[in-house]
Amino acid sequence: MSPWRASVLTLFPAMFPGPLGFSLAGEALGRGSFSLEAHDIRAHGLGRHRAVDDAPAGGGAGMVLRADVLAAALDAALAPGDARPRLMMSPRGRPLTQRRVRELAAGEGAVLVCGRFEGVDERVIEGRGLEEVSIGDYVLSGGELAAMVLLDACVRLLPGVMGKAESGEEESFEGGLLEYPHYTRPREWEGRGIPPVLLSGDHGRIKAWRREEALRLTAARRPDLLARGDGEP
Ligand code: SAH
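Note that the structure is a prediction, hence the values are computed from the model and not measured.

Conventions used here
Residues numbered from 1 in each chain as written. Predicted model: local features only at pLDDT ≥ 70, side-chain atom pairs only at ≥ 80, totals over all residues. Heavy atoms only, no water. Domains from an automatic or database assignment. Helix = DSSP H or I, 4+ residues; strand = E, 2+ residues; numbered from the N terminus. Buried < 20%, exposed > 50% of the residue type's maximum accessible area, 1.4 Å probe, protein only. Near = heavy atom within 4 Å. Polar contact = N/O pair within 3.5 Å; in protein donor to acceptor, adjacent residues only side chain to side chain. Areas by Shrake-Rupley, 256 points an atom, 1.4 Å probe, with all protein chains shown as cover. Nonpolar A, V, L, I, M, F, W, Y, C, P; charged D, E, K, R; others polar. Pairing = 2+ DSSP bridges. Axes fitted to C-alpha atoms, helices over the stretch in contact; angles between N-to-C directions. Contact = heavy atoms within 4.5 Å. Core = buried A, V, L, I, M, F, W, Y, C linked by side-chain atoms within 4.5 Å.

1. Some words on the domain arrangement of the chain
Reasoning step 1: Its domain assignment divides the chain into domain 1 (4-155) and domain 2 (170-228).
Reasoning step 2: Placing the centre of domain 1 and that of domain 2 at their C-alpha centroids yields a distance of 36 Å.

And the structure:
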């Protein structure tokens, strides 16, 4: 099977791989467990100055990425028949969830478009079938960090990337719950001990305690997850 393939369209290709070049993701990239291409939208800019943006129709502040320029960059980056999902990073998009991350990681890869300025001309979103994805209810200055967040979340789920297969399954959201608390050495730190059950060696009790803690934390912090049942909006 060919490795999971990410293609990013950005005005700042030098930002990549950036944080994805370190730790788990960096090692996976080095091993070829996934590939990452950053395509420069400006290479398709217009005129001597390679213009990529223009004033918003109807007036108002800021600039808008041109549909023709972005479409040319997308068409050049995609081979015919490329069936990977095409994602437009956008605060207006559907909020990213662990479920969507899992779906994306199980596929062939993803194409990610990073906006800048006020955003992109609506027509390219429609014309190229871009799926808008948000990483949260706040506004970034560009889509690059959002793309990195999405890629990092996907890449750690690729086969062989995480050390222990099970370390992906017990985490926050995977069972519809937030994760239980962790402890390690020293046994006592600044007068604080470790919950005795974790030192008991009784795996049944430990499992039950962790489940209780996960439920308690989820009820206290994210009752919306419990109400949904499966941990996904
Ligand atoms: N005027 C736009 C915001 C533009 S921010 C609006 O109000 O909707 C510039 C770019 O940053 C966007 O095109 C998008 O690619 C990226 N971006 C900003 N916030 C984001 C978020 N929460 N999730 C994903 N991408 C985001």
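2. What to know about the environment of Arg 123
Reasoning step 1: Among the structural elements, Arg 123 can be located in helix 4 (residues 122-127).
Reasoning step 2: For Arg 123, a relative accessible area of 59% translates into the label exposed.
Reasoning step 3: Distance from Arg 123 to Ala 67, taken between C-alpha atoms, is 6.3 Å for residues 56 residues apart in sequence.

3. Re the site of the ligand
Reasoning step 1: By nearness alone, 21 residues border the ligand, and Met 89, Gly 115, Glu 118, Tyr 138 and Leu 140 come closest of all.
Reasoning step 2: Contact between the ligand and Ser 90: a nitrogen atom at 3.2 Å from a main-chain N or O atom of the residue.
Reasoning step 3: Here a nitrogen atom of the ligand sits 3.1 Å away from a polar atom, N or O, in the main chain of Ile 135.
Reasoning step 4: Calculation on the ligand without its partners gives an accessible area of 570 Å², and the protein chains cover 84% of this total.
Reasoning step 5: Among the secondary structure elements, those contributing two or more residues to the shell around the ligand are strand 5 (86-95) and strand 7 (131-134).
Reasoning step 6: For the shell around the ligand, the leading source of residues is strand 5, giving 5 residues.
Reasoning step 7: When its residues are assigned to classes, the shell around the ligand shows 10 nonpolar, 8 polar and 3 charged.

4. Description of the sheet that holds strand 5
Across a sheet, paired strands are connected by hydrogen bonds in the backbone, their directions being either parallel or antiparallel.
Reasoning step 1: Taking strand neighbours across the sheet as the criterion, the 5 strands line up as 2-1-6-5-7 in an open arrangement whose pairing is parallel. Because the sheet does not close on itself, it has two edges, and the strands there are strand 2 (34-40) and strand 7. Strand-to-strand twist of the sheet, defined as the mean angle between neighbouring strand axes without regard to direction, takes the value 35 degrees.
Reasoning step 2: Where strand 5 meets strand 7, 5 bridges bridge the pair, whose relative direction is parallel. If you follow Met 88 over to strand 7, its bridge partner there is Glu 132.
Reasoning step 3: Each of strand 1 (4-10), strand 5 and strand 7 is contacted by helix 3 (residues 98-106), which is oriented at about 175 degrees to strand 5, the strand it contacts most.
Reasoning step 4: In the packing of helix 5 (residues 144-155) onto the sheet, contacts are made with strand 1, strand 2, strand 5, strand 6 (109-113) and strand 7, and the angle to strand 1 comes to roughly 175 degrees.

5. Description of the nonpolar core
The nonpolar side chains of a soluble globular protein tend to be buried, and buried together.
Reasoning step 1: Within the largest apolar cluster, 27 residues are counted, with the highest numbers of intra-cluster contacts made by Trp 4, Met 89, Leu 112, Leu 150, Leu 151, Cys 154 and Leu 158.
Reasoning step 2: Of all elements in the fold, only strand 1, helix 1 (23-31), strand 5, helix 3, strand 6 and helix 5 reach the threshold of two or more residues within this core.
Reasoning step 3: The dominant element in this core, judged by the number of residues it contributes, is helix 5, at 8 residues.
Reasoning step 4: For Leu 150, the contacting residues outside a window of four places in its chain are Leu 87, Met 89, Leu 96, Leu 104, Leu 112 and Val 133.
Reasoning step 5: Counting 20 residues, the second-largest nonpolar core is a separate cluster that includes Val 52, Ala 77, Leu 78 and Val 124.

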